[in-house]
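Examining the three-dimensional arrangement
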Amino acid sequence: MENFVSDVAFTPAVKAMQEARGSRQHYAERDFRDSISPDIAAFIGERDSFYFGTASADGQPYIQHRGGPKGFLRILDEKTLAFADYAGNHQYITTGNLAENPRAYIFLMDYAHRARVKLWGRAEVVSDKEIVRQLMPEGYRARPIQAIVFHLTALDTNCQSHIPQKLDAADVGGALQHLQSKIDALEAELAAYRAQTPD
């Protein structure tokens, strides 16, 4: 029986459900990717946050947000990503889960362009101080405690359906500042015109 990259998500139970609901043929004709292409690398490099999913040994799922400056999720090669893991609330659920179950999942969203990328793989916690230092974004004010290295199994993208369009506050602030500068210039021009025009 031929194996597909998408089998990481399309288990026998999922395939049976697709068959029952009429979508199996569509998904049987396409497969997921198993390496990071230049377009996906560019997408990842522009993200300043993502969601990281793990599960305990008995399958209890957990999702945690990870954030930092753009590019903090580093691409080491076409099948490996890594990031510095900062000090947080000291629950250590992700770290504990990875100690007993290396399966992990990364979900990246670009709300402005209504796009998403999903990554399946296995992750490991790395405590080597030099590796953590190399992954730490320069100038970012956070205390790294370890690194997480993610080994890619599969990746897929989704359609735009039901993704709300949201804009980054910094981008909106920049646009508003640009408009305010134009308004200020026009108001100054109008005031100068009025000063030169007799009543």
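Everything here concerns the structure above.
Since the model is a prediction, treat every value here as computed from it, not as a measurement. (Residues numbered from 1 in each chain as written. Predicted model: local features only at pLDDT ≥ 70, side-chain atom pairs only at ≥ 80, totals over all residues. Heavy atoms only, no water.)

What about the environment of Y86?
- You can see Y86 is positioned in strand β4 (residues 80-86).
- What Y86 contacts, discounting residues up to four positions off in sequence, is G67, G68, F72, M136, P137, Y140, A142, R143, P144 and I145. (Helix = DSSP H or I, 4+ residues; strand = E, 2+ residues; numbered from the N terminus. Contact = heavy atoms within 4.5 Å.)

A few points about helix α6 (residues 169-196)
- Over its 28 residues, α6 runs 40 Å from end to end, which matches the ideal 40 Å to within 8%, given 1.5 Å per residue.
- N-capping of α6 is provided by D168, with a side-chain oxygen placed 2.9 Å from the backbone N of A170. (Expected span 1.5 Å × (residues − 1). Polar contact = N/O pair within 3.5 Å; in protein donor to acceptor, adjacent residues only side chain to side chain.)

So, the packing of aromatic side chains
- Under the definition given, this model contains ten aromatic pairs.
- Taking 5.6 Å as the distance between ring centres and 80° as the angle between the ring planes, the aromatic pair formed by F52 and F83 counts as edge-to-face. Here F83 lies in strand β4 and F52 lies in strand β1 (residues 49-55), a separation of 31 residues in the sequence.
- The exposure class assigned to F83 is buried, which follows from its relative accessible area of 0%.
- On the numbers, 5.3 Å between centres and 45° between planes, the contact of Y86 with Y140 is tilted. Of the two residues, Y86 sits in strand β4 while Y140 sits in the loop between α5 (129-135) and β7 (144-157), which places them 54 residues apart along the sequence.
- Three or more aromatic residues joined by ring pairs form one cluster here, namely F10, Y27, F32, Y105, F107 and W120.
- Positioned above the aromatic ring of F43, the side-chain terminus of R47 is 4.5 Å from the ring centre. (Phe/Tyr/Trp six-rings, centres within 6.5 Å; stacked < 30°, edge-to-face > 60°. Buried < 20%, exposed > 50% of the residue type's maximum accessible area, 1.4 Å probe, protein only. Lys NZ or Arg CZ within 6 Å of the ring centre and 35° of its normal.)

Function-wise, these values are silent; they only describe arrangement.
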